[in-house]
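Below, each chain spelled out in residue letters.
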Amino acid sequence: MAKANGHRPVESWAQPSPAAAKAARNGAERAAAIGGAAAAAAAGAQSSPGDPDASERSVPPQPPFRSLRGFAFDPSLSTALDTVGISTVLFNVPWEKLTPGPAGEYLQVVDFDPASGCYYEPVDLNHEHVLAQDGLSPSEGTPQFHQQMVYAVAMLTIHNFEHALGRRVLWRPGPSPDSSNPRDDSKFVGHLRIYPHALREPNAYYSPQKIALLFGYFAVEGDRCCDHLPGSQVFTCLSHDIIAHETTHALLDGMHRRFLVASNPDVRAFHEAFADMVALFQHFTFPEILRHQIATTRGEIRSQQSLLGALATQFGRATGKRGALRDAIGTIKDGKWVPHKPVPGEYETAKSPHERGAFLVAAVFDAFLSIYERRVADLLRLATRGTGILEAGAIHPDLVNRLADEAAKSAQHVLNMCVRALDYCPPTDITFGEFLQAVITADYDLVRDDDLNYRVAFIDAFRRRGIFPREVRTLSVESLLWRGPENSDKRPSTKLQEALELLRPFAARYMYTVDREEIFKLQRDMRLALHRWLQKHFRHPQFGKQDAEFLGIDRALPFEVHTARLALRTAPDGGVEPQLIVGLLQRSEIPVDEKDPAAGTMTFEGGCTIIGELRSRDICYCVRKRMGSEPRLQRQREFKATERDAPRAMYLSGLAHGGKGAGGNGAGDVDEDEGAEPFAIMHRGL
């Protein structure tokens, strides 16, 4: 038989007769009418036998998203008449190949319940019945739905981070494969494991040791809460806020491992606050809930009680609180909801991570509210004929939709600003004031024209809560920007620019790499190449000394290239900026109290974050934590002395102490206390 183009018979390309085509169409219509999808597809294929690409087009393209149903916040909304209509949402998460668990590229859900000693059957999200109905129906009593819920929220959180960062996220490296070198961080960890029923207690936490999320469940005791049936089970794995919070801990730890070392009161608080912020701003990605709450509050999110600013409502009530576990806008006092009022100086007196972190959450949320109110001011003027005061009663649905759109955009912008700022933070010893500088600088780099004054809104919100960066002259945008080399008291040498040139080939490889394990190896290769170059460079009597001072490095101590990342930032005008982010780190063991040897020693860390522009090969910023800073050393000594005397110290000593000095090859940073579970302790409220 003759072939055409060596692929298929010539006869198969012939056009069918009109009668045959009509019969085929009738057959397809009858099959579709009786629900025979397979028969309809077969009949449709017969109707176009002359199409050479029919077989290829019979396979549909991969969808961009997988839709999965879940609880909007937690199951408590489904038991109240006024919120039952918004109790569930549809999570649209990036499509990926999954195996039962579910297990994909980033996550692996392992549903083992140690308390009962059983494994629950894993859900198969690729089953045709599950796909046809956008996942399993929300259910408090079905373990397979619990598995679906944790997967959906965790993937949504990962997607938000990758969108803001301009790169794929990685988890912290696994334990050292070399027993002789505990700082070897060469073990790639592809999956964050999630255990929906790991604990039989009112707790959930991220484990840096296991690189896993562990969720608990518990019974409501007696008449502790009128909103729950006494003895009923509360599952933390069914709370969007708790899942997003714990996933954020894992993502932040993957970026900044030394943010687990408490060197000042803000460090642990920053971890808790940032996790709360991500959970809060993801509330604004649910259109139905957003419109409902805008209508309920009549657009006045700041002055009215709202679900949008509350966290883990079911968990908070079930554990004895009158309202949400934490609330960024207000709280309930004497049975009434009252908005928070900033009190300058109050932040400095807060000690516990959650109490202190609440000030950072409130400041960022207040900045968001100011941005939102500025964006909707013209809409309210139009709706009120210029008075700005809405008439009594329900507001028009069209106004609700427009206000909800502006709230969603504002929340996404603020979330992106905060996540992007993580690349502009120092590698260790983070403070809230430095985070503000990182937010301002990262946003300035991407969007020079701040016509809606987003950056001023952040500065004003932090100022009203008494959160200030150190060593700044004024609270203006210009003063808060990290200083570039041209404005620094220490200048880099021209030789240091060669280090950026050294890393450009790695950037070319990165552009064509999608596999996360390959990205992990590429980053390690970058770190090794840069470490070797710097190690040799620092020996130069002139340029080495000059650049060590610029980088805040003590040449007498070993150093490590702690991180090396590439990012592709997409500006609002569509421009793409390739950036290099490098973190250098040093450690030194010093006495907590020079006059009291019995006080023991502590790890004092320093280093810098370098932000470079690969196209121009320019160093844009160097965010330093100098090893030679006496004021910083004294503050850390005072903090350690306070920690040592606190009742919590016996539980958190492993986290607070950190590891000993680094090796010369830039390998990992495993803490001394291998059994430390810092978030397990903090989340129990000890």
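Remember, it's a predicted structure, so these values are computed and weren't measured experimentally.

Draft legend 1. Quick peek at the overall build of the protein chain. Secondary structure assignment for the protein chain yields 21 helices and 19 strands. Classification of the 686 residues of the protein chain by burial places 52% in the buried group. Sequence separation of 24 or more characterises 68% of the internal contacts of the protein chain that already satisfy a separation of 6 or more. Carbon and sulfur atoms provide 53% of the accessible area of the protein chain, an area that totals close to 30800 Å².

Draft legend 2. Molecular detail of the pattern of salt bridges. Counting across every chain of the model gives 29 salt bridges. Ionic pairing is found between R524 and D185, a salt bridge with its closest N-O pair at 2.4 Å. Of this pair, R524 sits in helix α17 (residues 516-537) while D185 sits in the loop between α5 (143-165) and β8 (192-199); the two residues are 339 residues apart in sequence, bridging distant segments of the chain. Looking at R524, the relative accessible area reads 27%, which means it is partly exposed. Through salt bridges with shared partners, one network takes in D366, D460, R463, R464 and R465.

Draft legend 3. View of unusual backbone geometry. Residue G101 is joined to P102 through a cis peptide bond whose omega torsion reads -5°. Along the polypeptide, P102 turns up in the loop between β4 (88-94) and β5 (107-109). Its identity as a non-glycine residue notwithstanding, R385 has a phi of 55°, on the positive side. Mapped onto the secondary structure, R385 falls in the loop between α11 (353-383) and α12 (397-421). Given the relative accessible area of 73%, R385 is considered exposed. Here R617, not a glycine, exhibits a phi torsion of approximately 60°, which is positive. With respect to the element layout, R617 can be found in the loop between β18 (601-613) and β19 (618-625).

Draft legend 4. Helix α6 (residues 240-255), seen in detail. Across its 16 residues, α6 extends 23 Å between first and last C-alpha, which sits within 8% of the 22 Å expected from 1.5 Å per residue. Counted residue by residue, α6 has 16 buried out of 16 residues, so it is predominantly covered.

Draft legend 5. Representation of the packing of aromatic side chains in the model. Scanning the model with the defined rule gives 23 aromatic pairs in all. Taking 5.8 Å as the distance between ring centres and 45° as the angle between the ring planes, the aromatic pair formed by Y206 and F679 counts as tilted. Of this pair, Y206 sits in strand β9 (residues 204-207) while F679 is found in helix α21 (residues 678-683), placing the two residues 473 residues apart along the sequence. The same class applies to Y206 as to F679, namely buried. Between F281 and F284 the ring centres are 6.5 Å apart and the planes differ by 35°, which places this aromatic pair in the tilted class.

Draft legend 6. Quick peek at the sheet that holds β19. Taken in spatial order, the four strands of this open sheet run β16-β17-β18-β19, and their pairing is antiparallel. In the strand order of this sheet, the two ends are held by β16 (560-570) and β19, each with one partner. The mean angle between the axes of side-by-side strands here comes to 20°, regardless of whether they run parallel or antiparallel. Sheet topology note: the β18/β19 ladder contains seven bridges and is antiparallel. Its bridge partner lying in β19, G607 is registered against K625. Lying over the sheet, helix α13 (residues 432-446) contacts β16, β17 (576-591) and β19, oriented at roughly 175° with respect to β19.

Draft legend 7. Inspection of the packing of α13 against helix α14 (residues 454-464) at higher detail. The interhelical angle for the contact between α13 and α14, taken along N-to-C directions, is 170°, at an axis separation of 10 Å. Classified by the interaxial angle, the pair formed by α13 and α14 is roughly antiparallel. Note on element contacts: α14 touches α13 through R455, F458, I459 and F462, opposite F432, F435, L436, V439, I440, D443 and Y444. Of the residues belonging to the contact of α13 with α14, the class tally is nine nonpolar, no polar and two charged.

Draft legend 8. Expanded view of the environment of D378. Position of D378 among the secondary structure elements: in helix α11. A sequence separation of 10 residues divides D378 from G388, and the C-alpha atoms of the two residues are 8.8 Å apart.

Draft legend 9. Region of interest: empty space enclosed by the protein. Applying the stated rule across the entire model yields six cavities of 30 Å³ or more. For the largest cavity, the calculated volume is near 260 Å³. Residue lining of the largest cavity: 20 residues in total, with L170, W171, G254, Q523 and R565 positioned closest to the centre. Those elements that place two or more of their residues in the lining of the largest cavity are α6, α17 and β16. A per-class count over the lining of the largest cavity returns nine nonpolar, four polar and seven charged. Its boundaries defined by the atoms lining it, the second largest cavity holds a volume of some 90 Å³. Residue lining of the second largest cavity: L496, A499, L500, L503, L530, L534, L551, L580, V582, I610 and I619, and that is the complete set. Elements represented by at least two residues in the lining of the second largest cavity include exactly α16 (497-511), α17 and β17. Here the residues of the lining of the second largest cavity are counted per class, giving 11 nonpolar, no polar and no charged.

Draft legend 10. Looking closely at the nonpolar core. L107, F270, F274, F281, F284, F435 and F458 are the most contacted members of the largest nonpolar core, which has 135 residues in total. If we skip the residues at most four places from it in the chain, F458 touches V364, A367, V414, M417, C418, L436, V439 and I440. Counting 32 residues, the second-largest nonpolar core is a separate cluster that includes L503, A564, L584 and C608.

Draft legend 11. Quick peek at the side chain of T236. Secondary-structure assignment places T236 in the loop between β11 (233-235) and α6. Looking at T236, the relative accessible area reads 1%, which means it is buried. Polar contacts involving the side chain of T236 include one to the main-chain carbonyl oxygen of G216, which spans 2.7 Å.

Draft legend 12. Inspection of helix α8 (residues 287-297) at higher detail. The complete set of buried residues in α8 reads I289, L290, Q293, I294 and T297. All buried residues of α8 lie within an arc of 130° about the axis, which places them on one face of the element. Buried residues along α8 sit against β4, α11 and α12. With its phi angle positive at about 60°, R298 sits one or two positions after the end of α8.

Draft legend 13. Looking closely at the confidence of the model for the protein chain. In the predicted model, the protein chain carries a mean pLDDT of 82, and 81% of its residues have values of at least 70. Per-element mean pLDDT across the protein chain ranges from 34 in strand β2 (residues 8-9) up to 97 in β5. Of the regions scoring below 50 in pLDDT, residues 647-675 engages in 84 contacts with residues more than four places distant in sequence or in other chains.

Draft legend 14. Broad picture of the packing of α5 against helix α7 (residues 266-282). Close contact between α5 and α7 brings their axes to 11 Å; oriented N to C, the two are set at 100°. With respect to each other, α5 and α7 are oriented roughly perpendicular. On α7, the residues touching L156, T157, N160 and F161 of α5 are F274, V278 and Q282. Of the residues contributing to the contact of α5 with α7, the split by class is four nonpolar, three polar and no charged.

Draft legend 15. Inspection of the side chain of D113 at higher detail. Positionally, D113 belongs in strand β6 (residues 112-113). Among buried charged residues, D113 stands out as having no salt bridge; its nearest opposite-charge side chain is R200, 4.2 Å away. For D113, the side chain forms a polar contact with the side chain of Y120, separated by 3.3 Å. Once residues lying within four places of it in the same chain are set aside, the contact partners of D113 are C118, Y120, H197, R200 and Y217.

Reading guide: rules and limits
- Residues numbered from 1 in each chain as written.
- Predicted model: local features only at pLDDT ≥ 70, side-chain atom pairs only at ≥ 80, totals over all residues.
- Heavy atoms only, no water.
- Helix = DSSP H or I, 4+ residues; strand = E, 2+ residues; numbered from the N terminus.
- Buried < 20%, exposed > 50% of the residue type's maximum accessible area, 1.4 Å probe, protein only.
- Contact = heavy atoms within 4.5 Å.
- Areas by Shrake-Rupley, 256 points an atom, 1.4 Å probe, with all protein chains shown as cover.
- Salt bridge = Lys/Arg side-chain N within 4 Å of Asp/Glu carboxyl O.
- Expected span 1.5 Å × (residues − 1).
- Phe/Tyr/Trp six-rings, centres within 6.5 Å; stacked < 30°, edge-to-face > 60°.
- Pairing = 2+ DSSP bridges.
- Axes fitted to C-alpha atoms, helices over the stretch in contact; angles between N-to-C directions.
- Parallel < 35°, antiparallel > 145°, perpendicular 65-115°, else oblique.
- Nonpolar A, V, L, I, M, F, W, Y, C, P; charged D, E, K, R; others polar.
- 1 Å grid on protein atoms, 1.4 Å probe; cavity = no way out; pocket = protein on both sides within 12 Å on 5 of 7 lines; lining within 4 Å.
- Points joined across faces, edges and corners; volume = space filled by probe spheres on them.
- Core = buried A, V, L, I, M, F, W, Y, C linked by side-chain atoms within 4.5 Å.
- Polar contact = N/O pair within 3.5 Å; in protein donor to acceptor, adjacent residues only side chain to side chain.
- Arc of directions from axis to C-beta.
- pLDDT = per-residue confidence, 0-100.
- Lys, Arg positive; Asp, Glu negative; His and termini not counted.

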